[in-house]
Amino acid sequence: MFELIMNILLVVFLVFSFFTHVLEAPVPVKVQKNPYAFQPDTWPKVIIILLLICLVINIIQIIKKNKGKDTFTIQYFLSTIPNFFKSKMFRGILILFGASLVLETLGFMVTAILVLFLYGWLLGEKNYVRLAIASVCIALGLYIFFSGMLSVNLPRGTIGFLRDFALFLESIVAGVKGIFG
C-alpha cells in the first residue's frame, strides 16, 4: 500500500511540476533566435513524461500484484508509518530535501558533493576518505557532463568563493570545449 501511495503522490507532484515549472519556464532570447537550439524545457518535458508513463505502469502492476492481500489495506499501511520514519528511505528523502533548500546558496558542486557523500554514508560506506574522493569525482563528472556536453547552466551559488569556484570550473570546461569543439 505504501508503494502505491508513494507512486500516486509522485504522479501528482510530477503533473504539478510539469504545468507550473516546466511549461512556464522562460526562454532566453538567445535560444529563441536559434532554431537549432534545444528549448530549456525540452529535457524536463521528456523526463517527466517518461517518469509518468513508468509510474502509471508501476501503479497498475502494484494493484494487480497485491489485490486481495491482507497487507494491501489502509489499516496495515497506517500501522507501518512509524517504521517508515526510522528507515533509510526517509533519511534519503531528508537528504534530498535539504539539498533542494541549499542548492541555490551553495551551488551545484558543493551540494552534489554533500548529497553523494551523505548517500554513501547512508548506504553503509565506512571509508570516509574513499567516499569523499568518490563524491568529488562523481560531482565533477556530472558537472562536466551537464555543463560542458549538454550546455546546462547549473547553479553557481550565492556565497562569494563558491560562486568564484563555479565560474572557474565553467571557464575550464569552456576552454576544453573550445579546444575539442
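Each remark here, short or long, concerns the structure printed above.
Residues numbered from 1 in each chain as written. Predicted model: local features only at pLDDT ≥ 70, side-chain atom pairs only at ≥ 80, totals over all residues. Heavy atoms only, no water.

J.: I'd like a description of the packing of helix H5 (residues 88-122) against helix H6 (residues 128-149), backed by residues and values.
T.: H6 packs onto H5 with a crossing angle of 140 degrees between their chain directions and a minimal axis gap of 8 Å. One element, H5, and the other, H6, form an angle in the oblique class. Crossing of H5 against H6: the hand is right-handed. Of the residues in H6, those touching H5 at Phe108, Met109, Ala112, Ile113, Leu116, Phe117, Gly120 and Trp121 are Tyr128, Leu131, Ala132, Ser135, Val136, Ile138, Ala139, Leu140, Leu142 and Tyr143. Looking at the contact of H5 with H6, its residues break down into 16 nonpolar, 2 polar and no charged. (Axes fitted to C-alpha atoms, helices over the stretch in contact; angles between N-to-C directions. Helix = DSSP H or I, 4+ residues; strand = E, 2+ residues; numbered from the N terminus. Parallel < 35°, antiparallel > 145°, perpendicular 65-115°, else oblique. Left-handed = near helix turned anticlockwise from the far one by under 90°. Contact = heavy atoms within 4.5 Å. Nonpolar A, V, L, I, M, F, W, Y, C, P; charged D, E, K, R; others polar.)

J.: So, the pattern of salt bridges: which residues are in play, and what are the values?
T.: On inspection of all chains with the given rule, the structure shows 2 salt bridges. One salt bridge connects Arg130 with Glu125, and the closest N-O pair in it is separated by 2.9 Å. According to the relative accessible area criterion, Glu125 is partly exposed, its value standing at 24%. In this structure, the salt-bridge partner of Arg156 is Glu170, at a minimum N-O distance of 2.7 Å. Linking Arg156 in the loop between H6 and helix H7 (160-180) with Glu170 in helix H7, this pair joins segments that are 14 residues apart in sequence. (Salt bridge = Lys/Arg side-chain N within 4 Å of Asp/Glu carboxyl O. Buried < 20%, exposed > 50% of the residue type's maximum accessible area, 1.4 Å probe, protein only.)

J.: Account for the environment of Cys54, with residues named and values stated.
T.: Here Cys54 lies in helix H3 (residues 42-66). When its relative accessible area of 51% is taken as the criterion, Cys54 is described as exposed. When the C-alpha positions of Cys54 and Gly175 are compared, they lie 39 Å apart, and in sequence the two are 121 residues distant.

J.: Give me the lowdown on a nonpolar patch on the surface, citing residues and values where you can.
T.: Where nonpolar side chains cluster on the molecular surface, the patch consists of Phe38, Trp43, Val46, Ile47, Ile49, Leu50, Leu51, Ile53 and Ile57 and spans about 850 Å² of accessible area. By the element assignment, Trp43 lies in helix H3. What makes Trp43 partly exposed here is its relative accessible area of 46%. (Patch = residues over 30% accessible without salt bridge, like charges linked within 9 Å, V, L, I, M, F, W, Y side chains within 5 Å. Areas by Shrake-Rupley, 256 points an atom, 1.4 Å probe, with all protein chains shown as cover.)

J.: Outline the packing of helix H1 (residues 2-22) against H3, listing residues and values.
T.: A pair of packed helices is captured by two measures, namely the crossing angle of their axes and the spacing between those axes. It is at 10 Å that the axes of H1 and H3 come closest, and there the two elements cross at 160 degrees. When the interaxial angle is binned, H1 and H3 end up roughly antiparallel. H1 and H3 meet at a crossing whose hand is left-handed. Between H1 and H3, the residues in contact are Glu3, Leu4, Asn7, Ile8, Leu10, Val11, Leu14, Val15, Phe18 and Val22 and Pro44, Lys45, Ile48, Ile49, Leu51, Leu52, Leu55, Asn58, Ile59, Ile62 and Ile63, respectively. Here the residues of the contact of H1 with H3 are counted per class, giving 17 nonpolar, 2 polar and 2 charged.

J.: Requested: an account of the packing of aromatic side chains, with residues and values cited.
T.: The relative placement of two aromatic rings is captured by the distance of their centres and the angle of their planes. For the structure shown, the criterion picks out 7 aromatic pairs. The interplanar angle of 35 degrees and the centroid separation of 6.3 Å between the aromatic rings of Phe108 and Tyr143 together place this pair among those described as tilted. In this pair, Phe108 sits in helix H5 while Tyr143 sits in helix H6, placing the two residues 35 residues apart along the sequence. Look at Phe145 and Phe146: their rings are 5.2 Å apart centre to centre, the planes differ by 85 degrees, and that puts the pair in the edge-to-face class. With a relative accessible area of 37%, Phe145 lands in the partly exposed category. (Phe/Tyr/Trp six-rings, centres within 6.5 Å; stacked < 30°, edge-to-face > 60°.)

J.: An account of the environment of Val56 is needed here, citing residue identities and associated values.
T.: As for its position among the elements, Val56 is in helix H3. The class of Val56 is partly exposed, set by a relative accessible area of 43%. The spatial distance from the C-alpha of Val56 to the C-alpha of Val11 is 8.0 Å, given a sequence separation of 45 residues.

J.: Please set out the nonpolar core residue by residue, giving values where relevant.
T.: Judged by nonpolar contacts, the single largest core of 13 residues is most densely connected at Met1, Leu4, Val11, Leu14, Ile48, Leu52 and Phe72. Setting aside its immediate chain neighbours within four residues, Phe72 contacts Met1, Leu4, Ile62, Ile63, Asn66 and Lys67. With 8 residues, the next largest nonpolar core counts Phe108, Met109, Ala112 and Tyr143 among its residues. (Core = buried A, V, L, I, M, F, W, Y, C linked by side-chain atoms within 4.5 Å.)

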